[in-house]
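Here are the chains, one letter per residue:
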Amino acid sequence: MQGSNTDLIYSNPHSQVKDFTFDAQVVEVFPDMVSRSVPGYNTIIDTIGRLSLRYAKPNTKIYDLGCSLGAATLAMRRAITEDHVEIIGVDNSDAMVERCKMHVSAFKGKTPVTIVKDNIEIIEIENASIVVLNFTLQFIEKEKRQALMDKVFRGLVPGGILVLSEKITGQSETANELLIDLHHDFKRANGYSELEIAQKRTALENVMRPDTLAEHKTRLAQAGFGEVTPWFQCFNFTSMVAIKGEK
Ligand code: GEK
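Conventions used here
- Residues numbered from 1 in each chain as written.
- Predicted model: local features only at pLDDT ≥ 70, side-chain atom pairs only at ≥ 80, totals over all residues.
- Heavy atoms only, no water.
- Near = heavy atom within 4 Å.
- Polar contact = N/O pair within 3.5 Å; in protein donor to acceptor, adjacent residues only side chain to side chain.
- Areas by Shrake-Rupley, 256 points an atom, 1.4 Å probe, with all protein chains shown as cover.
- Nonpolar A, V, L, I, M, F, W, Y, C, P; charged D, E, K, R; others polar.
- Pairing = 2+ DSSP bridges.
- Helix = DSSP H or I, 4+ residues; strand = E, 2+ residues; numbered from the N terminus.
- Right-handed = clockwise from strand over helix to strand, strands pointing away.
- Buried < 20%, exposed > 50% of the residue type's maximum accessible area, 1.4 Å probe, protein only.
- Lys, Arg positive; Asp, Glu negative; His and termini not counted.
- Salt bridge = Lys/Arg side-chain N within 4 Å of Asp/Glu carboxyl O.
- Core = buried A, V, L, I, M, F, W, Y, C linked by side-chain atoms within 4.5 Å.

*Asks:* Sorry, what's going on with the site of the ligand here?
*Replies:* In the vicinity of the ligand there are 21 residues, among which Tyr41, Gly66, Ser68, Asp91 and Asn119 approach most closely. In the model, a nitrogen atom of the ligand is placed 2.9 Å from a nitrogen or oxygen of the Asn119 side chain. Asn134 places a side-chain nitrogen or oxygen 2.9 Å from an oxygen atom of the ligand. Across the complex, the protein chains shield 93% of the 660 Å² of accessible surface that the ligand would expose by itself. Across the shell around the ligand, the residue classes tally to 10 nonpolar, 8 polar and 3 charged.

Written out as structure tokens, the structure is:
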């Protein structure tokens, strides 16, 4: 698969570490980067596939918001057996969208997939049985997250689900430090050096702002979700399913 080169972006000292962006250089190494940096990434992708088998409804749409190279989209397309379902992957990075389209067209599947370059804050969401935000909300400005969750809730059909995966902040300073240390141990075990870990942390500081699990739950409840179930947590990475009630 193209884009499966080793992530060496922060292996040499940068005189000034710039803010992280999803550019062509990141696209080239993205699968390696994400699997060595996000604990449980493959489990989460597999489970998104399994959830789509359970929750995809005929004559509805499925949205993968911040789809990157389409891992969640492809897992869902492999799993879905229902007829007349359409998957829409959205990302605002030109480099990601271009490569994602190549990945999607490299595989066959009965469920149609459309990949669009757009900002998830402004797109319309309608008639959705599933919306996936797999590590994307953390890149949206904090003040704009509630509006996005409100829009997702409105766009879901009754009984539809949101799968929300996020890096989170621990509830107390002690808990947070422990989770960060354990995550850095995980990255070391996957071959990242101290320099790589430190420079990546600096690059993400201004662009990725995690919330606590409690903040997520409050926001989702305010949007209207009656049921929120965190089904995965490893260190400071979590994934939850929020269900829109039938009534
Ligand atoms: C996966 N879900 O592999 N509009 C559209 N896309 C955006 C926006 C926005 N406003 N902000 C960020 N993105 C994927 C992984 S990566 C997570 C998601 C990570 C996009 C951004 O371009 C990038 O492709 C993605 O969200 C976040 O399952 O790298 O930590």
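*Asks:* Explanation requested: the pairing of strand β3 (residues 113-117) in the structure shown.
*Replies:* On any regular strand, side chains alternate: one points to one face of the sheet, the next to the other face. Relative to β3, strand β2 (residues 85-91) runs parallel, the two sharing 5 bridges. Its bridge partner being in β3, Val90 is matched across the sheet by Val116. Remark: the β2/helix α4 (residues 94-105)/β3 crossover connection has right-handed handedness.

*Asks:* Would you take a moment to explain the side chain of Lys200 for this structure?
*Replies:* Structurally, Lys200 can be placed in helix α7 (residues 194-205). Among buried charged residues, Lys200 stands out as having no salt bridge; its nearest opposite-charge side chain is Asp7, 5.1 Å away.

*Asks:* Sorry, what's going on with the pairing of strand β1 (residues 60-65) here?
*Replies:* Among the 6 residues that make up β1, 6 are buried, leaving the element largely enclosed by the rest of the structure. Here β1 shows no split at all, with Thr60, Ile62 and Asp64 on one side and Lys61, Tyr63 and Leu65 on the other all buried. Examined bridge by bridge, β1 and β2 share 6 bridges and lie parallel to one another. Note that in β2 the partner of Ile62 across the bridge is Ile87. Following the chain from β1 across helix α3 (residues 71-79) to the adjacent parallel β2, one finds a crossover that is right-handed. Bridge analysis of β1 against strand β4 (residues 128-134) gives 4 bridges, and the strand direction is parallel. The residue bridging Tyr63 from the neighbouring strand is Val131, located in β4.

*Asks:* Help me out: how do you make sense of the pattern of salt bridges in this one?
*Replies:* Pairing between side chains of opposite charge can happen when their charged atoms approach one another. Per the stated rule, a full pass over the model turns up 11 salt bridges. Between Lys110 and Asp83 there is a salt bridge whose closest N-O contact spans 2.7 Å. With Lys110 in the loop between α4 and β3 and Asp83 in the loop between α3 and β2, the pair connects residues that are 27 residues apart, well separated along the chain. Judged by relative accessible area, Asp83 falls into the partly exposed class, the value being 45%. One salt bridge in this structure joins Arg219 and Asp211, with 3.0 Å as the shortest N-O distance. A network of salt bridges, in which partner residues are shared, links Lys142, Arg145, Asp211 and Arg219.

*Asks:* When you look at the nonpolar core in this model, what are you seeing that I'm missing?
*Replies:* For soluble globular proteins, nonpolar side chains are generally found buried alongside one another. Judged by nonpolar contacts, the single largest core of 38 residues is most densely connected at Ile62 and Met76. Among the secondary structure elements, those contributing two or more residues to this core are α1 (24-37), α2 (41-55), α3, β2, β4, β5 (156-169), α7 and β8 (237-243).

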